[in-house]
Amino acid sequence: MNTDKIYAESIAKEYAPKNTSKVMALRKLDRKAKLPAEIFAYTFGIISSLIFGVGMCLGMQVIGPQTCIGCPHAKTCQSRNCGCSCSTEKNDK
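Student: Explain the overall build of the protein residue by residue, including any values.
Tutor: Within the protein one finds three helices and zero strands. For the protein, the succession of helices and strands along the chain, N to C, is α-α-α. Carbon together with sulfur atoms contributes 65% to the accessible area of the protein, which is approximately 8,600 Å² in total.

Here it is in structure tokens:
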């Protein structure tokens, strides 16, 4: 009987409201105040990195249209060295 009572008291203490100190309350308030800024910073950083990466891929022509810029038949050109007369004219200048 005595052990059951001790066990019941230990469980009751576990779920009973705990007295928190002022330092713990300040830490909790600090975490609560910083959370929106951290969420924004991580979200903005991830989105910016993705946009930067897509821009780099487009600039290096890893993705996107693989055409001659300024070529009159740009839809049929497959690379910058397409062999068309406009690409050889640019290289001569």
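This is not the end of the story, as more comes after the structure.
Student: Describe the pattern of salt bridges, and please don't skip the residues or the numbers.
Tutor: Taken as a whole, this structure holds one salt bridge when the rule is applied. A salt bridge links Asp30 to Lys34; the shortest N-O distance between them is 3.4 Å. On the criterion of helical spacing, the pair formed by Asp30 and Lys34 is a turn pair, its members being four residues apart in helix α2 (residues 22-59). The class of Lys34 is partly exposed, set by a relative accessible area of 45%.

Student: Got a sec to walk through helix α1 (residues 2-15)? Specific residues and values, please.
Tutor: With 14 residues, α1 extends 21 Å from end C-alpha to end C-alpha; this agrees with the ideal 20 Å at 1.5 Å per step. In terms of residue burial, α1 counts as a barely covered element, since only zero of its 14 residues are buried.

Student: Give me the lowdown on a nonpolar patch on the surface, citing residues and values where you can.
Tutor: A contiguous nonpolar surface patch, about 690 Å² in accessible area, is contributed by Phe52, Val54, Met56, Leu58, Met60, Val62 and Ile63. Relative to the elements of secondary structure, Phe52 occurs in helix α2.

Student: Go over the packing of aromatic side chains with me, naming the residues and quoting the values.
Tutor: Here the structure, examined in full by the defined rule, presents one aromatic pair. Pairing Phe40 with Phe44 gives two aromatic rings, centres 5.7 Å apart and planes at 20 degrees, and the pair type is stacked. Taken as a pair, Phe40 and Phe44 lie in helix α2 at a separation of four residues, close to a single helical turn. Comparing Phe40 with Phe44, the two get one shared label, exposed.

Student: Could you give an account of a positive patch on the surface, with specific residues and numbers?
Tutor: A cluster of basic residues, Arg27, Lys28, Arg31 and Lys32, forms a positive patch at the surface. With respect to the secondary-structure elements, Arg27 resides in helix α2.

Student: Which residues make up α2, and what values go with them?
Tutor: The terminal C-alpha atoms of α2, which comprises 38 residues, lie 55 Å apart, in line with the 56 Å expected from a rise of 1.5 Å per residue. At Leu35, α2 shows its maximal kink, close to 35 degrees; a proline, Pro36, follows between one and four residues later. Following α2 by one or two positions, Gln61 adopts a phi angle in the positive range, close to 55 degrees.

Student: Mind laying out the confidence of the model for the protein, listing which residues take part and the relevant values?
Tutor: Confidence in the prediction of the protein, expressed as mean pLDDT, is 78, and 68% of residues score 70 or more. Mean pLDDT values over the elements of the protein span from 49, in helix α3 (residues 85-92), up to 93, in α2. Every residue in residues 87-93 scores below 50 in pLDDT, and together they form four contacts with partners more than four places removed in sequence or on other chains.

Reading the values: rules and limits
- Residues numbered from 1 in each chain as written.
- Predicted model: local features only at pLDDT ≥ 70, side-chain atom pairs only at ≥ 80, totals over all residues.
- Heavy atoms only, no water.
- Helix = DSSP H or I, 4+ residues; strand = E, 2+ residues; numbered from the N terminus.
- Areas by Shrake-Rupley, 256 points an atom, 1.4 Å probe, with all protein chains shown as cover.
- Salt bridge = Lys/Arg side-chain N within 4 Å of Asp/Glu carboxyl O.
- Buried < 20%, exposed > 50% of the residue type's maximum accessible area, 1.4 Å probe, protein only.
- Expected span 1.5 Å × (residues − 1).
- Patch = residues over 30% accessible without salt bridge, like charges linked within 9 Å, V, L, I, M, F, W, Y side chains within 5 Å.
- Phe/Tyr/Trp six-rings, centres within 6.5 Å; stacked < 30°, edge-to-face > 60°.
- Lys, Arg positive; Asp, Glu negative; His and termini not counted.
- Charge placed at Lys NZ, Arg CZ, Asp CG, Glu CD.
- Bend = angle between axes of the 7 residues up to and from the residue.
- pLDDT = per-residue confidence, 0-100.
- Contact = heavy atoms within 4.5 Å.

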